[in-house]
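Fold and geometry: a report
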Amino acid sequence: MLQAISGLDAGDVNSMPSKLDFDAGRSVKNLRVGYFPDWMKENPATNVDRAALETVKKEGMIPVEVSLPDWPYDSLQLILFAEGAAAFEELTLSHNVDQLKMQTYDSWPNLFRQARFLSAVDFVQADRMRRKVALEMARIFSGVDLLLVPSLRDEMLTITNFTGHPSLTLRAGFVEVTEARSDWAPDPAHPLPKFSPARRVPHGVTLIGQLFDEGTLAEAGLALEKGFAVAKERPKGF
């Protein structure tokens, strides 16, 4: 699959010369794995995330503390909203967007509608910030091969959406939850289910790789999955 999608595509002006390699037998020892110390100590990180860092050490990889500036990364979302609204403009203007099920204020139908009122100045400023964030990621990756982050950490999800760094999320353990989770704002008309007793559900961690280095990402993920030893476990009822 990696071979099929790698390399320059003459029909795609956004493609770049690249080579995507994966070697299942390659040793991951001494790979430098960056992590954000504060992120591992606070929500939404769990004991599963902290245990994953210990597994990194057990597999012979080297944890390295890294840091990011305290910037308003959410402002990058303006680019996503504008591009999404442009892609679905016909759906929005025809009001067919009204037929989509999720209609909370922060779900896609309303984001498509709202994005039509975005300032062009704000879009340009967000794109300038995107460049600065990409340079910060390049700085971090000059000292590490991978990043290990809590999967639900919004900053890194937002950042990688706009820098293109590949990610791999894999099961690392289990947590107990008392309520279903949604990415959208609460909808009073459709409250999320609550669980009593709590349910034991899989919990993942996320690896972030260097640009065009999906091979190393997959190799480290394979080693960690073996180290976690939870891939064959299933929640009750599955």
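Notes on the structure in this doc start here.

Calculation rules
- Residues numbered from 1 in each chain as written.
- Predicted model: local features only at pLDDT ≥ 70, side-chain atom pairs only at ≥ 80, totals over all residues.
- Heavy atoms only, no water.
- Pairing = 2+ DSSP bridges.
- Helix = DSSP H or I, 4+ residues; strand = E, 2+ residues; numbered from the N terminus.
- Axes fitted to C-alpha atoms, helices over the stretch in contact; angles between N-to-C directions.
- Contact = heavy atoms within 4.5 Å.
- Salt bridge = Lys/Arg side-chain N within 4 Å of Asp/Glu carboxyl O.
- Buried < 20%, exposed > 50% of the residue type's maximum accessible area, 1.4 Å probe, protein only.

Things to note about the sheet that holds strand E3 (residues 146-150)
Spatially, E2-E1-E3-E5-E4 is the arrangement adopted by the 5 strands of the open sheet, whose pairing is mixed. Looking at strand neighbours, the two that pair on one side only are strand E2 (62-65) and strand E4 (167-179), the edges of this open sheet. Averaged over all adjacent pairs, the angle separating strand axes in this sheet is 25 degrees, with direction ignored. Bridge count between strand E1 (residues 32-35) and E2: 4 bridges; the pairing is parallel. What sits directly across from Arg32, in E2, is Ile62. Along the sheet, helix H3 (residues 47-58) contacts E1, E2, E3, E4 and strand E5 (194-209); its crossing angle with E5, the most-contacted strand, is approximately 40 degrees. Contacts between helix H9 (residues 214-228) and the sheet are confined to E3, E4 and E5, with E4 contributing the most and set at about 40 degrees to the helix.

Description of the pattern of salt bridges
Applying the stated criterion to the full structure yields 11 salt bridges. The closest approach of N and O atoms between Arg32 and Asp145, which form a salt bridge, is 3.3 Å. Of the two residues, Arg32 is situated in strand E1 and Asp145 in the loop between helix H7 (120-141) and E3; the sequence distance between them amounts to 113 residues. With its nearest N and O atoms 3.1 Å apart, the salt bridge here joins Glu179 to Lys194. Remark: Lys194 occurs in strand E5 and Glu179 occurs in strand E4; sequence separation between them is 15 residues.

Notes on unusual backbone geometry
Excluding glycine, residues mostly carry a negative phi; peptide bonds, for their part, are mostly trans. With an omega of 10 degrees, the peptide bond between Asn43 and Pro44 qualifies as cis. Checked against the element boundaries, Pro44 lands in the loop between helix H2 (37-41) and H3. Each neighbour pair has its own omega, and for Ser196 with Pro197 the value is 5 degrees, a cis peptide bond. Locating Pro197 in the fold gives a position in strand E5. We note that His95 has phi near 70 degrees; this positive angle belongs to a residue other than glycine. Relative to the assigned elements, His95 resides in the loop between helix H5 (89-93) and helix H6 (108-115). A positive phi is found at Phe212, a non-glycine position, where the angle reads about 60 degrees. Counting through the fold element by element, Phe212 comes out in the loop between E5 and H9. Judged by relative accessible area, which is 41%, Phe212 ranks as partly exposed.

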